[in-house]
Amino acid sequence: MQIDRALLDQSVAQAHAEAPNECCGIIAARDGQAVSVHPARNAAASPLRYEMDGMEQYRIQSAIEDAGHDLGAIYHSHTRTAPYPSQTDINLAFYPEALYVIVGVAGDRPDVRAFRIVDGEVSEQPLEVTSAGEARRGDERSEAE
Ligand SMILES: [Zn+2]
């Protein structure tokens, strides 16, 4: 997935604001390009796990569908550990078609990684961070395909 730095920064800012608790939310995408970030409430309010508020998740997913966008990624933060899916994350990964983005803010600088989690198997996926200018050039599709 491609994501503009400004969008990525929104999730990093949320992670810092809600630390030490984990934060969570959804990233909408279109054609593999992130288009919007939707923060949600961590109903677990815990530094060790997240549980996206069910009503908010429903509302966000409806809004994304209405806009004709895809569920690009489900994100949450790790405030104490490396940005790699925990066993709990793996057990609760119910969307094999979505990316799982983990915003790591345990270290000196944010480390954001993306994974696919299918049947308990974790595979890291590329997360290409662009600036707004690069994203626009990408739209010209000169060598995109
Ligand atoms: Zn986690």
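The shown structure was predicted, so the numbers you read here are calculated from the model rather than taken from an experiment.

### Points about the overall build of the protein chain
Next up, step 1: Helix and strand counts for the protein chain stand at 4 helices and 8 strands.
Next up, step 2: Listing each helix as α and each strand as β along the protein chain from the N terminus yields β-α-β-β-α-β-α-β-β-β-β-α.
Next up, step 3: Here the C-alpha coordinates of the protein chain stretch approximately 45 × 35 × 30 Å along the principal axes.
Next up, step 4: Residues counted as buried form 41% of the 145 residues belonging to the protein chain.
Next up, step 5: In the protein chain, of all internal contacts separated by at least 6 residues, the share reaching a separation of at least 24 is 62%.
Next up, step 6: Total accessible area computed for the protein chain in this model is approximately 8,200 Å², and 47% of it derives from carbon and sulfur atoms.
Next up, step 7: A gap of 5 Å separates the mean positions of the 12 positive and 24 negative side-chain charges of the protein chain.

### Structural notes on the coordination of the zinc ion
Next up, step 1: Protein coordination at the zinc ion comes from His-76 (NE2), His-78 (NE2), Asp-89 (OD) and Asp-89 (OD), with a distance range of 2.0 to 2.7 Å.
Next up, step 2: Each donor residue of the zinc ion belongs to the same chain, and together they define the spacing H-x1-H-x10-D. Of this pair, His-78 sits in strand β4 (residues 70-78) while Asp-89 sits in helix α3 (residues 87-91); the two residues are 11 residues apart in sequence, bridging distant segments of the chain. The pair His-78 / Asp-89 is uniform in exposure class, with both members buried.

### Structural notes on the confidence of the model for the protein chain
Next up, step 1: The share of residues in the protein chain with pLDDT of 70 or more is 91%, and the mean pLDDT across the chain is 92.
Next up, step 2: Throughout residues 141-145 the model reports pLDDT below 50, and contacts reaching past four residues in sequence, or to other chains, amount to 2 contacts.

### A look at the environment of Ala-44
Next up, step 1: You can see Ala-44 is positioned in the loop between β3 (33-40) and α2 (54-66).
Next up, step 2: In this structure Ala-44 comes out as buried when scored by relative accessible area, which is 19%.
Next up, step 3: With 22 residues separating them along the chain, Ala-44 and Glu-22 place their C-alpha atoms 8.8 Å apart.
Next up, step 4: Filtering out sequence-adjacent residues up to four positions away, Ala-44 remains in contact with Arg-49, Tyr-50 and Glu-51.

### Remarks on the nonpolar core
Next up, step 1: In this structure, Met-1, Ile-27 and Val-103 are the most contacted members of the largest nonpolar core, which totals 20 residues.
Next up, step 2: Of the residues forming this core, the biggest block, 4 residues, is contributed by helix α1 (residues 5-18).
Next up, step 3: Not counting residues within four places of it along the chain, the set of residues in contact with Ile-27 comprises Met-1, Ile-3, Ala-34, Ser-36, Val-37, Asp-70, Leu-71, Gly-72, Ala-73 and Tyr-75.

### Remarks on the side chain of Asp-4
Next up, step 1: Relative to the assigned elements, Asp-4 resides in strand β1 (residues 2-4).
Next up, step 2: You can call Asp-4 buried: its relative accessible area is 14%.
Next up, step 3: Among the polar contacts made by the side chain of Asp-4, one reaches the main-chain amide nitrogen of Ala-6 at a distance of 3.1 Å.

What counts as what
- Residues numbered from 1 in each chain as written.
- Predicted model: local features only at pLDDT ≥ 70, side-chain atom pairs only at ≥ 80, totals over all residues.
- Heavy atoms only, no water.
- Helix = DSSP H or I, 4+ residues; strand = E, 2+ residues; numbered from the N terminus.
- Buried < 20%, exposed > 50% of the residue type's maximum accessible area, 1.4 Å probe, protein only.
- Contact = heavy atoms within 4.5 Å.
- Areas by Shrake-Rupley, 256 points an atom, 1.4 Å probe, with all protein chains shown as cover.
- Lys, Arg positive; Asp, Glu negative; His and termini not counted.
- Charge placed at Lys NZ, Arg CZ, Asp CG, Glu CD.
- Donors = N, O, S within 2.8 Å, 3.2 Å for Na, K, Ca; no water.
- pLDDT = per-residue confidence, 0-100.
- Core = buried A, V, L, I, M, F, W, Y, C linked by side-chain atoms within 4.5 Å.
- Polar contact = N/O pair within 3.5 Å; in protein donor to acceptor, adjacent residues only side chain to side chain.

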